[in-house]
Amino acid sequence: MSDEAVPIVATVAEVVESWNVPAEAVVAARIRNNILVAIERGYDDPQLVADLAVGPLVMALGQLEVELADARRRIANLERGCAEQERTPESDDGQ
């Protein structure tokens, strides 16, 4: 026997199944599952799988960018509101 290691060749489906998607990542899980369905239907060319993944990933990334920008605006507004409250002395009507 040879001392050379035998390379382990994973199928495209095994590679996709190995993607560690957090349970809370609903969109990522949907993308992964849709790719697995496509593979089951015979679309198992690695380049095609990559193409199938890129479109949804770009859309998800775009949505994340929009939501992050919105969250930053809301945080900035909250910080301004807190700063204004700190500058404004509480009214003391002597009661």
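Everything below is about the structure shown above.
Residues numbered from 1 in each chain as written. Predicted model: local features only at pLDDT ≥ 70, side-chain atom pairs only at ≥ 80, totals over all residues. Heavy atoms only, no water.

Asks: Could you give an account of the nonpolar core, with specific residues and numbers?
Replies: If you look at the biggest cluster of nonpolar residues, it comprises 7 residues: Val16, Ile31, Ile35, Leu36, Ile39, Val49 and Ala53. Broken down by secondary-structure element, the contributors of at least two residues to this core are helix H2 (26–40) and helix H3 (46–87). It is H2 that contributes the most residues to this core, 4 residues altogether. Not counting residues up to four positions away in its chain, the partners in contact with Leu36 are Ala13, Val16 and Glu17. (Core = buried A, V, L, I, M, F, W, Y, C linked by side-chain atoms within 4.5 Å. Buried < 20%, exposed > 50% of the residue type's maximum accessible area, 1.4 Å probe, protein only. Helix = DSSP H or I, 4+ residues; strand = E, 2+ residues; numbered from the N terminus. Contact = heavy atoms within 4.5 Å.)

Asks: How would you summarise the environment of Val15 if you had to cite specific residues and measurements?
Replies: In this structure, Val15 sits in helix H1 (residues 12–17). On the basis of relative accessible area, Val15 is assigned to the partly exposed category, the value being 39%. The spacing of Val15 and Pro46 is 31 residues in sequence and 9.8 Å in space, taken between C-alpha atoms.

Asks: If you had to explain H2 to someone new, which residues and values would you point to?
Replies: In an α-helix, one turn spans 3.6 residues; hence positions three or four apart end up facing the same way. Look at H2: 21 Å from first C-alpha to last across 15 residues, which is about the 21 Å you get at 1.5 Å a residue. For H2, the secondary structure elements touched by its buried residues are H1 and H3. Following H2 by one or two positions, Gly42 has its phi on the positive side, about 105 degrees. (Expected span 1.5 Å × (residues − 1).)

Asks: Which residues make up the pattern of salt bridges, and what values do they have?
Replies: For the coordinates displayed, the defined rule picks out 2 salt bridges. Between Arg73 and Asp70 there is a salt bridge, with the nearest N and O atoms lying 3.9 Å from each other. Note that Arg73 and Asp70 are positioned in helix H3 at a spacing of 3 residues, about one turn of the helix. Under the relative-accessibility criterion, Asp70 is labelled partly exposed at 31%. Ionic pairing is found between Asp70 and Arg74, a salt bridge with its closest N-O pair at 3.7 Å. (Salt bridge = Lys/Arg side-chain N within 4 Å of Asp/Glu carboxyl O.)

Everything listed here is a matter of coordinates, which is why it stays silent on function.
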